[in-house]
Amino acid sequence: MGSGLLGGGAARVDTSIPMADNSKAEDVASDSVEAAKHASDKKEKLADQVMQNPQVLAALQERLDSSSHTPSSYIETLPKAVKRRIDALKQLQVKCAHIEAKFYEEVHDLERKYAALYQPLFDKRRDFVTGETEPTDAESEWHSENEEEEKLAGDLKNKVVIEEREAAAEESNPKGIPDFWFTIFRNVDMLSELVQEYDEPILKHLQDIKVKFSEPGQPMSFSLEFHFEPNDYFTNSVLTKTYKMKSEPDKTDPFSFEGPEIVDCEGCTIDWKKGKNVTVKTIKKKQKHKGRGTVRTITKQVPNDSFFNFFSPIKVSGDGESLDEDSEFTLATDFEIGHFFRERIVPRAVLYFTGEAIEDDDNFEEGEEGEEEELEGEEEGEEEDDTESDPKKDSSQPAECKQQ
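Cut-offs and rules
- Residues numbered from 1 in each chain as written.
- Predicted model: local features only at pLDDT ≥ 70, side-chain atom pairs only at ≥ 80, totals over all residues.
- Heavy atoms only, no water.
- Helix = DSSP H or I, 4+ residues; strand = E, 2+ residues; numbered from the N terminus.
- Buried < 20%, exposed > 50% of the residue type's maximum accessible area, 1.4 Å probe, protein only.
- Areas by Shrake-Rupley, 256 points an atom, 1.4 Å probe, with all protein chains shown as cover.
- Pairing = 2+ DSSP bridges.
- Salt bridge = Lys/Arg side-chain N within 4 Å of Asp/Glu carboxyl O.
- pLDDT = per-residue confidence, 0-100.
- Contact = heavy atoms within 4.5 Å.
- Expected span 1.5 Å × (residues − 1).
- Phe/Tyr/Trp six-rings, centres within 6.5 Å; stacked < 30°, edge-to-face > 60°.
- Polar contact = N/O pair within 3.5 Å; in protein donor to acceptor, adjacent residues only side chain to side chain.

Colleague: Looking at this model, I keep getting lost on the overall build of the chain. Mind explaining?
Modeller: Check the secondary structure of the chain and you find 13 helices and 9 strands. Taken over 404 residues, the chain has a buried fraction of 24%. Carbon and sulfur atoms make up 52% of the accessible area of the chain, which totals about 29,600 Å².

Dropping the structure here:
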């Protein structure tokens, strides 16, 4: 009985609790709905107030304009007849690219013509550098920009100069201009980074660098010829590097055409004398026989960093296979170096020897950077003002280098 009463009481208590909870829950839900409605009304009023602010409206409109008025989205909105005319303009643009390609082919012919006019001067430069010919007084006369200052300074040093001349007369007169091309390699960062310590004595035998253009009617290309005097390292008298060029729009992307580009390069075989090949190094490795357990030492040749790897370039695949990222970077650097030899170093060698061309290059680069920074600063200033007023290639096998 007692337990039954307890049980019945428990049952009554249990049924009364949910009823109370449901009532409270309904009140809470009602309050929540009311609060949410009140918050929504408040947000709508706030939004109305914000949207009535002309500055906010202008800022929103500017953002919408910038996001919607892209070239592609604009073109998509044009009528079909207008799009058809735009396609016709693209056809004309492709034809322009092909005409431009022909223009650069004629420029190449013009370069060949003027290269023949430059060459006698470059040949005389080689003779002065090597000491084959001594310049006349007229040929060696040079008036610098600071001639007056130098004259005053020279007058003050006359006594010292006279004494030094007597001492210098007793010294041997070096032949030509010693280490002319090697000094250029050392002065130009792009080249000095490639030159190792063991390359230096070889480069001191370099007597001349020539640029040769492809013959009329032949595929567009140019070659660099490195002429060496007899030395203890290789038997070649000339090492060559040929850069193959293309001056025609890409069929898959004709609008990317910006003129001739180097598409491949070909080196030559260097006939190294025994033990003098600086492009490889010999290492010793120990090998253990799996069965007998005996150990033997073997020697193996592995590639070595050297400027002379310049004459063994990476081969551009002709089957359409892409190169890995490192190979692409190496090839792009190679093309850049070849272009720099052709356009800058060979035509202006004496100025790279004295360092004057390097100073000009540095000043030009600094000027470009300064202009960019100035433009960026102006843009930032304009933005700040606005904010205040308105919150709104397969290569062929290496060619044989020329022998003595």
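Colleague: Looking at this model, I keep getting lost on the pairing of strand S1 (residues 206-213). Mind explaining?
Modeller: The side chains of a regular strand alternate between both faces of the sheet. Counting buried residues in S1 gives 6 out of 8 residues, a clear majority hidden from the surface. In this structure, S1 lies alongside strand S2 (residues 221-228), joined through 7 bridges in antiparallel fashion. Of the residues in S2, the one forming a bridge with Leu-206 is Phe-228.

Colleague: Help me understand the pairing of strand S3 (residues 236-246) in this model?
Modeller: A large share of S3 lies buried, amounting to 8 of its 11 residues. Pairing geometry for S2 and S3, over 7 bridges, is antiparallel. For Ser-223, the partnering residue across the bridge sits in S3 and is Thr-242. Bridging between S3 and strand S4 (residues 261-266) involves 5 bridges; their strand directions are antiparallel.

Colleague: Help me out: how do you make sense of the pattern of salt bridges in this one?
Modeller: Pairs can form between side chains of opposite charge whenever their charged atoms are close. Taken as a whole, this structure holds 13 salt bridges when the rule is applied. As a salt-bridge pair, Lys-210 and Asp-123 come within 4.0 Å of each other at their nearest N and O atoms. Of this pair, Lys-210 sits in strand S1 while Asp-123 sits in helix H4 (residues 80-130), and the two are 87 residues apart along the sequence. The class of Asp-123 is partly exposed, set by a relative accessible area of 24%. Each of Asp-123, Arg-126, Asp-127 and Lys-210 takes part in one network of salt bridges that share partners.

Colleague: Is there a simple way to think about the confidence of the model for the chain in this case?
Modeller: Interpretation of the predicted coordinates at a detailed level should be avoided for regions scoring low in pLDDT. The predicted model of the chain averages 77 in pLDDT, with 65% of residues at 70 or higher. Helix H1 (residues 2-51) is the least confidently modelled element of the chain, averaging 53 in pLDDT, while helix H10 (residues 200-203) averages 97, the highest of any element. Below a pLDDT of 50 lies the segment residues 1-20, which in the model reaches 0 contacts outside its immediate sequence neighbourhood of four places, other chains included.

Colleague: What is the right way to read the environment of Tyr-104 from this model?
Modeller: Along the chain, the position of Tyr-104 falls in helix H4. Apart from residues no more than four positions distant in its own chain, Tyr-104 is found in contact with Met-220, Ser-247, Phe-257, Glu-258, Gly-259 and Pro-260.

Colleague: I tried to follow H4 on my own but got confused; where do I start?
Modeller: Count 3.6 residues to each turn of an α-helix, and residues three or four apart come out pointing the same way. Across its 51 residues, H4 extends 71 Å between first and last C-alpha, which sits within 8% of the 75 Å expected from 1.5 Å per residue. By the burial criterion, the buried members of H4 are Ala-97, Ala-101, His-108, Arg-112, Ala-115, Gln-119, Phe-122, Arg-125, Val-129 and Thr-130. Residues of H4 that are buried sit in contact with helix H8 (180-187), S1, S2 and helix H12 (349-354). Positive backbone phi, approximately 85°, marks Gly-131, located one or two places after H4.

Colleague: Quick question: what am I supposed to make of the packing of aromatic side chains here?
Modeller: For the coordinates displayed, the defined rule picks out 25 aromatic pairs. With 5.1 Å between their ring centres and 90° between their planes, Phe-228 and Phe-234 make a pair best called edge-to-face. Pairing Phe-228 with Phe-308 gives two aromatic rings, centres 6.3 Å apart and planes at 45°, and the pair type is tilted. Of this pair, Phe-228 sits in strand S2 while Phe-308 sits in the loop between strand S7 (295-303) and helix H11 (325-345), placing them 80 residues apart in sequence.

Colleague: It is not clear to me how the side chain of Ser-223 should be interpreted in this structure. Could you clarify?
Modeller: Here Ser-223 lies in strand S2. Residue Ser-223 is classed as buried on the basis of its relative accessible area of 16%. Here Thr-242 takes part through its side chain, which lies 2.8 Å from a polar atom of the side chain of Ser-223. In this structure Ser-223 touches Lys-210, Val-211, Lys-212, Lys-241 and Thr-242, once residues within four positions along its chain are discounted.

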